[in-house]
Amino acid sequence: MSTIQSIAGELEPHPDVALVERVREGDVAAYDELVRKYERQVFRIAQHITQNREDAEDVMQDAFLKAYEKLDQFQGNSKFYTWLVRIAVNESLMRLRKRRTGKMVSIDEEIETEEGSVPRDLADWAPDPEQNYNQAELAEILRKTIQGLPQGFRIVFVLRDVEGLSTEETAETLNLSIPAVKSRLLRARLQLRERLSRYFHRKKGPGETRNEK
Amino acid sequence: MKCSEFLALLDDLMDDSLTPEVRADFEQHLSGCEHCEVILNTTRKTIEIYRSHEIYDLPAGLRERLHAAIMTRCKKSC
Ligand SMILES: [Zn+2]
């Protein structure tokens, strides 16, 4: 549909730009539209950081309210979505700090890892690992697994791989350097892979049955 | 290329930001190393599985409560 425009080299503005403009002019329905568009993402990020459902609900409310009130400060040179994500991340970290009073919460926390270590297990996954579990079991496995990651790895993985931010956007959102984002992402991916392998590895042989231990 | 070098470049491969030369090295290592092939495939699968499954359901009624809260803050005629 925009082929002719693309050929002409014209850049189409992001659809959020028009929505934001309408909200600024007092159109609340346009804000509802932005909420519908991004509520899942904001809630997921809040859940992944706070690991608490009530907190995540509060964060979602607070983040969207804050974004609404600060919309005049929003500069059109960044995407509305990444701006909103940044607010959601900050609100989530604030909520965590409130819960663990006295204890510093930081995504900069030192993370112990064996740098450059090569994973040793060679177990390939079954062709369709998801088939061995129903949806509820699978969700539980995925939740448990990602909750076990260090906070600083988990947030990077969620923003980059689940929510689709670029390396640069993730770095900016978390106030990390680009190399830090990259190294955390790699380690997050490898740790998740290793942990999921316990559930998804290929069964030993065709003779193996459900009742065998 | 050693397995550790392969691993260090795994993200760049998945982000498709390798130079053609490094990519060729990478593929050569891959064709002879079952270990790294498994790691590459299962890492891809790890990302995909987290992308395609909603593990935290959005609570019901949250959007309505938010809408109500926004209406009370609405300064202009809405
Ligand atoms: Zn190898």
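Residues numbered from 1 in each chain as written. Chains lettered and ligands numbered in written order. Predicted model: local features only at pLDDT ≥ 70, side-chain atom pairs only at ≥ 80, totals over all residues. Heavy atoms only, no water.

### Structural notes on the overall build of chain A
Argument step 1. Counting its regular elements, chain A contains nine helices and zero strands.
Argument step 2. The order of α-helices and β-strands along chain A, N terminus first, is α-α-α-α-α-α-α-α-α.
Argument step 3. In chain A, buried positions account for 46% of the 213 residues.
Argument step 4. Taking contacts inside chain A between residues at least 6 apart in sequence as the whole, the part at least 24 apart equals 68%.
Argument step 5. Here chain A has roughly 11,800 Å² of accessible surface; of this, 48% comes from carbon and sulfur atoms. (Helix = DSSP H or I, 4+ residues; strand = E, 2+ residues; numbered from the N terminus. Buried < 20%, exposed > 50% of the residue type's maximum accessible area, 1.4 Å probe, protein only. Contact = heavy atoms within 4.5 Å. Areas by Shrake-Rupley, 256 points an atom, 1.4 Å probe, with all protein chains shown as cover.)

### Details of the pattern of salt bridges
Argument step 1. All chains considered together, the criterion is met by 24 salt bridges over all chains.
Argument step 2. One salt bridge connects Glu54(B) with Arg40(A), and the closest N-O pair in it is separated by 3.6 Å. Of the two residues, Glu54(B) sits in the loop between helix H4 (34-52) and helix H5 (62-73) while Arg40(A) sits in helix H3 (residues 28-50), which places them in two different chains.
Argument step 3. For Arg40(A), a relative accessible area of 38% puts it in the partly exposed group.
Argument step 4. Taken together, the shared-partner salt bridges in this structure form one network comprising Arg40(A), Arg44(A), Glu163(A) and Glu54(B). (Salt bridge = Lys/Arg side-chain N within 4 Å of Asp/Glu carboxyl O.)

### A word on unusual backbone geometry
All names here are of chain A.
Argument step 1. Phi is positive for Gln51, which is not a glycine, with a value near 55 degrees.
Argument step 2. Counting through the fold element by element, Gln51 comes out in the loop between H3 and helix H4 (53-69).
Argument step 3. Classification of Gln51 as partly exposed rests on a relative accessible area of 33%.
Argument step 4. One non-glycine residue with positive phi stands out, namely Asn175, at about 55 degrees.
Argument step 5. Examined against the element boundaries, Asn175 turns out to sit in the loop between helix H8 (167-174) and helix H9 (178-200).

### Some thoughts on the packing of aromatic side chains
Residues and elements named next belong to chain A.
Argument step 1. Taken as a whole, this structure holds 11 aromatic pairs over all chains when the rule is applied.
Argument step 2. For the pair Tyr38 and Phe80, a centre-to-centre distance of 6.2 Å together with 40 degrees between the ring planes defines the contact as tilted. Of this pair, Tyr38 sits in helix H3 while Phe80 sits in helix H5 (residues 80-99), and the two are 42 residues apart along the sequence. With respect to burial, Tyr38 and Phe80 carry one shared label: buried. (Phe/Tyr/Trp six-rings, centres within 6.5 Å; stacked < 30°, edge-to-face > 60°.)

### Focus: the coordination of the zinc ion
Perfect tetrahedral coordination of a metal by four donors corresponds to 109.5 degrees between them, and perfect octahedral coordination by six donors corresponds to 90 or 180 degrees.
Residues and elements named next belong to chain B.
Argument step 1. All of the protein donors around the zinc ion are Cys3 (SG), His29 (NE2), Cys33 (SG) and Cys36 (SG); their distances to the metal are 2.0 to 2.4 Å.
Argument step 2. Because the angles between the four donor atoms bound to the zinc ion fall within 101 to 115 degrees, the donor set is best described as tetrahedral.
Argument step 3. Each donor residue of the zinc ion belongs to the same chain, with the gaps between them written as C-x25-H-x3-C-x2-C.
Argument step 4. For Cys36, a relative accessible area of 1% corresponds to the buried category. (Donors = N, O, S within 2.8 Å, 3.2 Å for Na, K, Ca; no water. Tetrahedral: all angles 85-135°; square planar, octahedral: opposite > 155°, others 65-115°.)

### Description of the domain arrangement of chain A
Interfaces are often sized by the amount of accessible area the parts lose when they come together.
All names here are of chain A.
Argument step 1. The assigned domain composition of chain A is domain 1 (2-99) and domain 2 (129-203).
Argument step 2. If you look at the interface, domain 1 gives 13 residues, while domain 2 gives 15 residues.
Argument step 3. Here domain 1 meets domain 2 over a buried area of about 1,200 Å², counting both sides, of which 54% is carbon and sulfur.
Argument step 4. It is His48, Gln51 and Arg86 in domain 1 that bury the most area against domain 2; as a group they hold 43% of the surface buried on that side.
Argument step 5. Salt-bridge contacts for Glu172 lead to Arg86; the nearest nitrogen and oxygen are separated by 3.8 Å.
Argument step 6. Joining domain 1 to domain 2, the criterion identifies six residue pairs in polar contact (both at pLDDT 80 or more). (Domains from an automatic or database assignment. Buried area = accessible area lost by both parts, 1.4 Å probe. Polar contact = N/O pair within 3.5 Å; in protein donor to acceptor, adjacent residues only side chain to side chain.)

### Focus: the environment of Asp12(B)
Argument step 1. Structurally, Asp12(B) can be placed in helix H2 (residues 10-14).
Argument step 2. For Asp12(B), a relative accessible area of 19% corresponds to the buried category.
Argument step 3. Sequence separation between Asp12(B) and Arg23(B) is 11 residues; the distance between their C-alpha atoms is 9.7 Å.
Argument step 4. Setting aside residues no more than four positions away along its own chain, Asp12(B) makes contact with Lys182(A), Ser17(B) and Leu18(B).

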